[in-house]
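Residue-level structural notes
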Amino acid sequence: MFPLFLTVPSMPPEIEEPAIEQVTSVSQISDVRPTDWAFTAIQSLVERYGCIAGYPDKTFKGNRSMSRYEFAAGLQACLDTVQSKIQDNTTSIAKQSDLETLKKLTTEFAPELSILSGRIDRLEAKAQTLESNPFSTTVKLSGQTIVGLSTAAGGNPPGLGQTNLNLTYMTQLQLSASFTGRDILRIGVITGNTDREGFGNPESLNTFMAYQSFQAALNNQLRLNTLEYRFAATPKFVIAVQPVGFSLTSVLSPNSSYTSAGEGAVSRFAAFNPMLRIGDLDAGVGFDWLISKHWRLQAAYGARTCESTFTLAALRGTLTDCGVSHGFFNADHSAWGVQLLNKPNNNISIGLAYINAYSSDGQLDTFTGSNNADISGGFNESANIHALSGTLRWRIMPQVTLGAWGGLAVALSRDSGAATIASTFLFSLGVDDPFGRKGDQFAILAGMPPRLNGGLLIEQFDQVFSWHLETFYRFRINDRISITPGIFYVTNPGHISSNSNLFVSTIRTTFSF
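Once a new chain begins, its residue numbering starts again from 1 and follows that chain's sequence as written. In keeping with the model being predicted, local features are shown solely for residues with a pLDDT of at least 70 and side-chain atom pairs are shown and tallied solely at 80 or more, while totals for entire chains, interfaces and linings include all residues. Calculation of side-chain values draws on the structure's entire complement of heavy atoms; hydrogens and water are dropped beforehand.

1. Brief notes about the environment of leucine 502
This is how the line gets drawn: Runs of E in the DSSP output that reach at least two residues are strands. Runs of H or I that reach at least four are helices, and both are numbered from the N terminus. The rule is simple: take the accessible area with a 1.4 Å probe, protein chains only, and divide by the maximum for that residue type; under 20% is buried, over 50% is exposed, in between is partly exposed.
Looking at the secondary structure, you find leucine 502 in strand β18 (residues 502-512). The exposure class of leucine 502 is buried, given its relative accessible area of 1%. Taking the C-alpha atoms as reference points, leucine 502 and asparagine 492, separated by 10 residues in sequence, lie 8.2 Å from one another.

2. Some details on the environment of serine 247
Threshold: Throughout this description, a polar contact denotes any pair of N or O atoms lying within 3.5 Å of each other; where both atoms belong to protein, one of them has to be capable of donating a hydrogen while the other can accept it, and for residues adjacent in sequence the pair is counted only when both atoms sit in side chains.
Structurally, serine 247 can be placed in the loop between β7 (237-244) and β8 (283-290). Residue serine 247 is classed as buried on the basis of its relative accessible area, which comes to 13%. Among the polar contacts made by the side chain of serine 247, one reaches the side chain of threonine 249 at a distance of 2.7 Å.

3. Section: the packing of aromatic side chains
Spelled out, the test is: A pair of aromatic rings is counted whenever rings of Phe, Tyr or Trp (Trp by its six-membered ring) have centres within 6.5 Å, and the orientation is called stacked for planes under 30 degrees apart, edge-to-face for over 60 and tilted otherwise. Both a distance and an angle decide whether a charge sits over a ring: NZ of Lys or CZ of Arg must be within 6 Å of the ring centre and within 35 degrees of the ring normal.
Per the stated rule, a full pass over the model turns up 13 aromatic pairs. Ring centres of phenylalanine 425 and phenylalanine 427 lie 6.0 Å apart, and the angle between their planes is 55°; this geometry places the pair in the tilted category. By relative accessible area, which is 24% here, phenylalanine 425 ends up partly exposed. Under the relative-accessibility criterion, phenylalanine 427 is labelled exposed at 52%. Here tyrosine 473 and phenylalanine 475 contribute two aromatic rings whose centre-to-centre distance is 4.5 Å and whose plane-to-plane angle is 45°, an arrangement assigned as tilted. Taking relative accessible area as the criterion, phenylalanine 475 reaches 32% and is therefore assigned partly exposed. When the ring centre of phenylalanine 272 is taken as origin, the NZ or CZ atom of arginine 277, which lies over that ring, is 4.1 Å away. Sitting above the plane of the phenylalanine 465 ring, arginine 451 keeps its charged end 4.3 Å from the centroid.

4. Some details on the pattern of salt bridges
Side chains carrying opposite charge are able to pair once their charged atoms draw close together. Rules: The term salt bridge refers to a side-chain nitrogen of Lys or Arg lying within 4 Å of a carboxyl oxygen of Asp or Glu.
This model, assessed by the stated rule, comprises 7 salt bridges. For aspartate 365, the salt bridge goes to arginine 304, with nearest N and O atoms at 2.6 Å. Taken together, the residues span a long stretch of sequence, with aspartate 365 in the loop between β11 (348-359) and α6 (371-374) and arginine 304 in the loop between β9 (295-303) and α5 (312-315) at a distance of 61 residues. Under the relative-accessibility criterion, aspartate 365 is labelled buried at 4%. What makes arginine 304 buried here is its relative accessible area of 2%. Taking the shortest distance from any N to any O, the salt bridge between arginine 437 and aspartate 440 comes out at 2.7 Å. Judged by its relative accessible area of 1%, aspartate 440 falls in the buried class. Sharing partners across several salt bridges, the network here consists of Arg186, Glu228 and Arg230.

5. Observations regarding the nonpolar core
Formally: What we call a nonpolar core is a set of buried Ala, Val, Leu, Ile, Met, Phe, Trp, Tyr and Cys residues that are connected through their side-chain atoms within 4.5 Å. We call two residues contacting when some pair of their heavy atoms lies within 4.5 Å.
Within the largest apolar cluster, 28 residues are counted, with the highest numbers of intra-cluster contacts made by Leu248, Ile278 and Ile355. Of all the secondary structure elements, the ones that give two or more residues to this core are β11, β12 (383-397) and β13 (400-413). Here isoleucine 278 is in contact with Ala335, Ala357, Leu364, Thr366, Ile385, Ala387 and Ala409, once residues within four sequence places are set aside. Residues Tyr258, Val266, Phe269 and Val504 belong to the second largest nonpolar core, which totals 19 residues.

Here you go:
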């Protein structure tokens, strides 16, 4: 699956609009100086009448244009303040000339003040209606579009080496709503134009190791890819239910800095530990328990239901026929996982996870390493899969983060006694704001995609090692747009010595809204 919006099991913080802050001295406003032509007037309004409120960043923004309605609103506020002080017998603040001026201003802006008063009355009526008929406390529509200009080289073998310059896109829209302030409902749709498997198709490079993080073989079709509801049973215990778009990482934190399809790794393999992709699931449930400040326990169960499937196997057209008798708890592919996260301090995060999966054909279906590893050597029998995942993130300096993960998976046939063992690992170095540009990131990643190390009663296993080397630089243009040139290079693709080395390069542009 390609989760554009990574669902993490913590509850979203409450969003509050910044309040306009009252100031008592003109010196509290950073962008008003004694040399400004309106300094005396502003000083009088602030210190004598108390009519001016500053923005939360302690500025006045005096050069911003304003309408007559805005002026009228400010005038009304001043009138209210002066009237209050007069009633409190602090009449020394106002001279007769001041009162005459206020009277003239009131007459001049009488139409605007009347209109504003009517608008306020209507807004209050609407607010009362909304309060008496609430749908949710927060509703938000967000989205992201990723456009990638990519090319590749190598192959032949693997594949036929047909690697033209490709322009691809992926777009996701997501609606988030909260009913109680301690829950969240997410509904998301996705579309994209990647045909089949991108550079991984047989005519091109014919390997999962060429998959990019932001490809989605949708052929411009619109699909529902997220339907999720999570709520806090207690302040430290969150329950998640996700009938569409589920993966183990919907609940088990991947503990990686590169999971985002739009701003993280440019390859599918380097985004996070492939052990957490086992099963290529689509529906599931789980919980996240914050045991203490330093410890967190997460558990999840998921299945490939084949009824509303948005999985890579389905998109590739290789989905197994589930049959009418199969469902959520007896699906052909399912997995449950548990993870313990430890954060001894603000700079280190360690995760250890165990995954127990069932596969009717013995396949892992991570779509990140060799075909041998993904099909468990080809024994094609129902199997129990046991996997371990270890992850580490260590911020060694304020801007420098080291990362590492590794995994081991054992597939045991239920029928013949066949068994396989596969492994993977990766190391990463990330530098945030390397040139003082906020939001930029430079990263180097190196690792071994999932490899079938050996087994019993299997047709084949991987003889050599493939190395995955990747680097990218994310330029943050603004809060909405980023541009990421990146490249990854793979030796001995598929862990096969006779295969030619390959590389995939891209310029990825991400628009968020």
